[in-house]
Amino acid sequence: MKLILLGPPGAGKGTQAAQIVECFGIPQISTGDMLRAAVREQTPMGLKAKEAMDAGTLVTDEVVIGIVSERLQQADCGKGFILDGFPRTLPQADALKRTLSALAKDLDVVVSLQVETDALVERLTGRRACRNCSRGYHVRFDPPAEGLICDTCGGELIQRDDDQEETIRNRMNVYHQQTAPLEDYYRQTGILKVVDGMAPIAEVQQQVFDILRAI
Ligand code: ADP
Ligand code: AMP
């Protein structure tokens, strides 16, 4: 199963990807997670990406296309993969097509999560993640059992630097200008499926799993 989870920041891509990983046993390829790891490790790529990430703008196509092309060639992608947060521009979508074609692979489906802007802002300002294992939470919609402590590993829950209101506004603008056109791009290829992402997490999961099981 080879799929893209498409949607604005806060739509629930990472949340749904975690459930798909668990149930379908295919890896999640999150460019945001990979870039944050590079920033933490202060690699040359991380140092280059940090400024754009802090400002809520996009890292260059060249950098993200490079990391995804390399990642897709790893053995664990043999059975499939979930792209989360990539592609985000038309040149990235074109590059993905070329990379997959060189690997004799094709996308099965692009699942687009539709969520209203006000709900996105509420989701992003309340988002927390475990410092240790990265499991995602929401202070209101998906809280941990106790305090700000991860249910899975007991790690501390923290807020992402770019989940502040002003950066969120930039990220929304960037999404509308550069990423939203991808919905038409994939609609034209006939593999786009639209999901009501406003529903509670478990209901969105049901809709997504129904689509994946029908493939
Ligand atoms: P994305 O990966 O698309 O940026 P996330 O999966 O990180 O989004 O979700 C953003 C926040 O919204 C998280 O705190 C998550 O717990 C919460 N969330 C995800 N899906 C839903 C939903 N269907 N209803 C309410 N909150 C949700
Ligand atoms: P995310 O975790 O998907 O919300 O991404 C966090 C940040 O990483 C974004 O605001 C961008 O700065 C950067 N980023 C992630 N994926 C991409 C991508 N495909 N293209 C460009 N920048 C990206």
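Structure's up top.
First, a word on what this report is: a plain description of the structure on this page. (Residues numbered from 1 in each chain as written. Chains lettered and ligands numbered in written order. Predicted model: local features only at pLDDT ≥ 70, side-chain atom pairs only at ≥ 80, totals over all residues. Heavy atoms only, no water.)

Quick look at the site of ligand 2
Right, so step 1: Within the structure, ligand 2 sits among 16 residues, and Thr31, Arg36, Thr57, Gly85 and Gln92 are positioned closest to it.
Right, so step 2: Within the side chain of Arg88, a nitrogen or oxygen atom sits 3.0 Å from a nitrogen atom of ligand 2.
Right, so step 3: Measuring from an oxygen atom of ligand 2, one finds a side-chain N or O atom of Arg160 at 3.0 Å.
Right, so step 4: Calculation on ligand 2 without its partners gives an accessible area of 480 Å², and the protein chains cover 96% of this total.
Right, so step 5: Of all the elements, helix H2 (residues 31–40) adds the most residues to the shell around ligand 2, at four residues.
Right, so step 6: Looking at the shell around ligand 2, its residues break down into six nonpolar, five polar and five charged. (Near = heavy atom within 4 Å. Polar contact = N/O pair within 3.5 Å; in protein donor to acceptor, adjacent residues only side chain to side chain. Areas by Shrake-Rupley, 256 points an atom, 1.4 Å probe, with all protein chains shown as cover. Helix = DSSP H or I, 4+ residues; strand = E, 2+ residues; numbered from the N terminus. Nonpolar A, V, L, I, M, F, W, Y, C, P; charged D, E, K, R; others polar.)

A few points about the state of the cysteines
Right, so step 1: All told, the structure shown has zero disulfides when counted by the stated rule.
Right, so step 2: Cys130 takes part in no disulfide bond, and the closest cysteine sulfur to it belongs to Cys153, at a distance of 3.5 Å.
Right, so step 3: Under the relative-accessibility criterion, Cys130 is labelled buried at 3%.
Right, so step 4: In this model Cys133 remains outside any disulfide bridge; the closest cysteine sulfur is found in Cys150, 3.7 Å from its own.
Right, so step 5: Judged by relative accessible area, which is 35%, Cys133 ranks as partly exposed. (Disulfide = S-S within 2.5 Å. Buried < 20%, exposed > 50% of the residue type's maximum accessible area, 1.4 Å probe, protein only.)

What to know about the pattern of salt bridges
Right, so step 1: Per the counting criterion, the structure on display carries twelve salt bridges.
Right, so step 2: Here Asp184 ties to Arg187 by a salt bridge, and the two come within 2.8 Å at their closest N and O atoms. Placement of the pair is Asp184 and Arg187 together in helix H8 (residues 181–189), with a separation of three residues, close to one helical turn.
Right, so step 3: Taking the relative accessible area as the measure of exposure, Asp184 reaches 44% and is therefore partly exposed.
Right, so step 4: Classification of Arg187 as partly exposed rests on a relative accessible area of 43%.
Right, so step 5: One salt-bridge network, in which partners are shared between bridges, spans Arg127, Arg160, Asp162, Asp163 and Arg171. (Salt bridge = Lys/Arg side-chain N within 4 Å of Asp/Glu carboxyl O.)

Focus: the layout of surface pockets
Right, so step 1: In this structure, the second largest pocket spans a volume of roughly 230 Å³.
Right, so step 2: Lining the second largest pocket are 13 residues; nearest its centre among them are Lys97, Asp106, Leu107, Tyr186 and Thr189.
Right, so step 3: Ranked by the residues each element gives to the lining of the second largest pocket, the list is headed by helix H5 (residues 90–102), at five residues.
Right, so step 4: When grouped by side-chain class, the residues that make up the lining of the second largest pocket number seven nonpolar, three polar and three charged. (1 Å grid on protein atoms, 1.4 Å probe; cavity = no way out; pocket = protein on both sides within 12 Å on 5 of 7 lines; lining within 4 Å. Points joined across faces, edges and corners; volume = space filled by probe spheres on them.)

Considerations on the sheet that holds strand S4 (residues 109–114)
Right, so step 1: Overall, parallel pairing links the five strands, which are arranged S2-S3-S1-S4-S8 in an open sheet. In this open sheet, the two strands that pair with only one neighbour each are strand S2 (28–30) and strand S8 (192–196). For this sheet, the mean angle separating the axes of adjacent strands, direction not counted, is 20°.
Right, so step 2: Sheet analysis places S2 next to strand S3 (residues 81–84), joined by three bridges and oriented parallel. Across the sheet, the residue bridging to Gln28 is Ile82, located in S3.
Right, so step 3: Taken strand by strand, H2 contacts S2 and S3, and its axis lies near 60° from that of S2. (Pairing = 2+ DSSP bridges. Axes fitted to C-alpha atoms, helices over the stretch in contact; angles between N-to-C directions. Contact = heavy atoms within 4.5 Å.)

Treat this as a map of the structure, not an account of what it does.
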